[in-house]
Amino acid sequence: MYDLTLPFIFSQIAMFIAMGFDFLSLQFKKREYTFLCLIVSASLISSHYFLLNKTAAGVIVFISVLRFITCYFTTNKKYLFIFIGLNTVSLFFTYKDITDLIIYIGLIIFIIGNFQKDNRLMRKLMMGGTAIIAIYNAIIFSPMGVITEVSFLVSGVIGYYRYYIKNNFYNKVKRFVISSFKKVNDSNGIKHLLRTVHWVKKLKPSADEVLLIAAVAHDIERAFRDHKNYNFIKNSDKGFKSEEHLTHHQTEGARIIGDYLKQIGASEDMINNIKILVSRHEIGGSEEENLLKDADSLSFFENNINHFVNNKIAETGKEKVKDKFDWMFNRISSLKAKELAQPFYDKAIKELGF
Ligand SMILES: [Fe+2]
Ligand SMILES: [Fe+2]
């Protein structure tokens, strides 16, 4: 039994505060805040071991402090391998029985999670790893260990539910977009929007919710289009590039999706950012606006060519359709997107008979 000496009391207080920060960490959506909390909690846990003169345990936990600091700044996989290496070496020197393998596997899954750019995947892997570590603590019969891991797991489940199930604005917007296009019998529009999301992810795997929502909703105006906008296209020499048409298409789209997002309780910030992206998706500007514009072009060439060749030529004439194809291709900003679009574009021009 420990006497109630000052180091012992401090060690227990440190552990208690650490549990609080552990719990808090997964309640933040930004990965930087998550890792700040984990840096604080792991530092406290490490100090708690030093206060109890458990130097080896203190050092092991201190390595995880270094890992969390690294993760705060980067997800570079080079560092992931360094930390996996460190854990493997320590397993090699300390291995006693099969249970050591269980905590090793749990830790490795947890560490792989730490280095994920995709916040969802990061959380899933960290929860998976934590569950295995909790099982390890149960096997070696460490009730406090089980309580600590389970409380972190509960925080993970709550955080995941809060951010990705309850407030899954992307899924809600997607459903709204699909039902709006179904009402006007435009299945092609649905396909175009879903594939725009695909191309956004292809061009930027770490695309956030704002960008994905803007991608799935960017042409929402088409589902609510009135004759005024069709006439802009028909009557202007510029056809699909008519400024009135493009301005109307973008600003109306931004308004419609903004109203819907407000209705489902999205934050002011989120609404504004999505509205800016939708209101500039045809012309681009910022890095994210250009990315959406490029993905839009790619999805257009992939899915809309037949529709334009079969229907739009009769409506607007061949020249205006060719003009649209050229414009959709030439506006692409990134080299990668241009390379991806080139074969689609060549095929489209061939189908037009040019
Ligand atoms: Fe558009
Ligand atoms: Fe589009």
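Refer to the preceding data block for the structure.
Draft legend 1. View of the nonpolar core. Residues Val-200 and Ala-214 are the most contacted members of the largest nonpolar core, which totals 47 residues. Those elements giving two or more residues to this core turn out to be α8 (169-183), α9 (187-203), α10 (209-217), α12 (243-263), α13 (268-279), α14 (287-303), α16 (318-330) and α17 (335-352). Among the elements that make up this core, the one with the highest residue count is α10 (eight residues). Apart from the residues lying within four places of it in its own chain, the contact partners of Ala-214 are Ile-274, Leu-277, Val-278 and Leu-292.

Draft legend 2. Just the packing of helix α2 (residues 31-51) against helix α3 (residues 55-73), in detail. Closest axis-to-axis distance for the α2/α3 pair is 8 Å, and the angle between their directions is 165°. With respect to α3, the element α2 is oriented roughly antiparallel. Every pair of crossing elements has a handedness; the one defined by α2 and α3 is left-handed. Taking contact as the criterion, the partners of Glu-32, Phe-35, Leu-36, Leu-38, Ile-39, Ala-42, Ser-43, Ile-45, Ser-46, Tyr-49 and Phe-50 in α2 are, on α3, Thr-55, Ala-57, Gly-58, Val-61, Phe-62, Ser-64, Val-65, Phe-68, Ile-69, Cys-71 and Tyr-72. By residue class, the composition of the contact of α2 with α3 is 16 nonpolar, five polar and one charged.

Draft legend 3. Layout of α13. Spanning 12 residues, α13 covers 16 Å between terminal C-alpha atoms, matching the ideal 16 Å at 1.5 Å per step. Within the sequence span of α13, burial applies to Ile-271, Ile-274, Lys-275, Leu-277, Val-278 and Ser-279. Buried-residue contacts for α13 involve α10, α12 and α14.

Draft legend 4. Region of interest: helix α6 (residues 119-139). Between the first and last C-alpha of α6 there are 30 Å, a value that for 21 residues agrees with the 30 Å anticipated at 1.5 Å per step. All of the buried residues in α6 are Met-122, Arg-123, Leu-125, Met-126, Met-127, Gly-129, Thr-130, Ile-133, Ala-134, Tyr-136 and Asn-137. Check the buried side of α6 and you find it contacts α2, α5 (98-114) and α7 (143-166).

Draft legend 5. Region of the structure containing the packing of helix α1 (residues 6-25) against α2. Closest axis-to-axis distance for the α1/α2 pair is 8 Å, and the angle between their directions is 160°. Taken together, the axis directions place α1 and α2 in an arrangement best described as roughly antiparallel. In this structure, α1 crosses over α2, and the sense of that crossing is left-handed. Where α1 approaches α2, its residues Pro-7, Phe-10, Ser-11, Ala-14, Met-15, Ile-17, Ala-18, Phe-21, Asp-22, Leu-24 and Ser-25 are matched on the opposing element by Thr-34, Cys-37, Leu-38, Val-40, Ser-41, Leu-44, Ile-45, Ser-47, His-48 and Leu-51.

Draft legend 6. The arrangement of unusual backbone geometry in detail. In this structure, Asn-53 is a non-glycine residue whose phi angle is positive, near 65°. Its place among the elements puts Asn-53 in the loop between α2 and α3. Of note in this structure, Asn-185 is not a glycine but carries a positive phi near 55°. The topology assignment puts Asn-185 in the loop between α8 and α9.

Cut-offs used in this document
- Residues numbered from 1 in each chain as written.
- Chains lettered and ligands numbered in written order.
- Predicted model: local features only at pLDDT ≥ 70, side-chain atom pairs only at ≥ 80, totals over all residues.
- Core = buried A, V, L, I, M, F, W, Y, C linked by C-beta atoms within 7 Å.
- Buried ≥ 20, exposed ≤ 12 C-beta atoms within 10 Å, placed from the backbone.
- Helix = DSSP H or I, 4+ residues; strand = E, 2+ residues; numbered from the N terminus.
- Contact = placed C-beta atoms within 7 Å.
- Axes fitted to C-alpha atoms, helices over the stretch in contact; angles between N-to-C directions.
- Parallel < 35°, antiparallel > 145°, perpendicular 65-115°, else oblique.
- Left-handed = near helix turned anticlockwise from the far one by under 90°.
- Nonpolar A, V, L, I, M, F, W, Y, C, P; charged D, E, K, R; others polar.
- Expected span 1.5 Å × (residues − 1).

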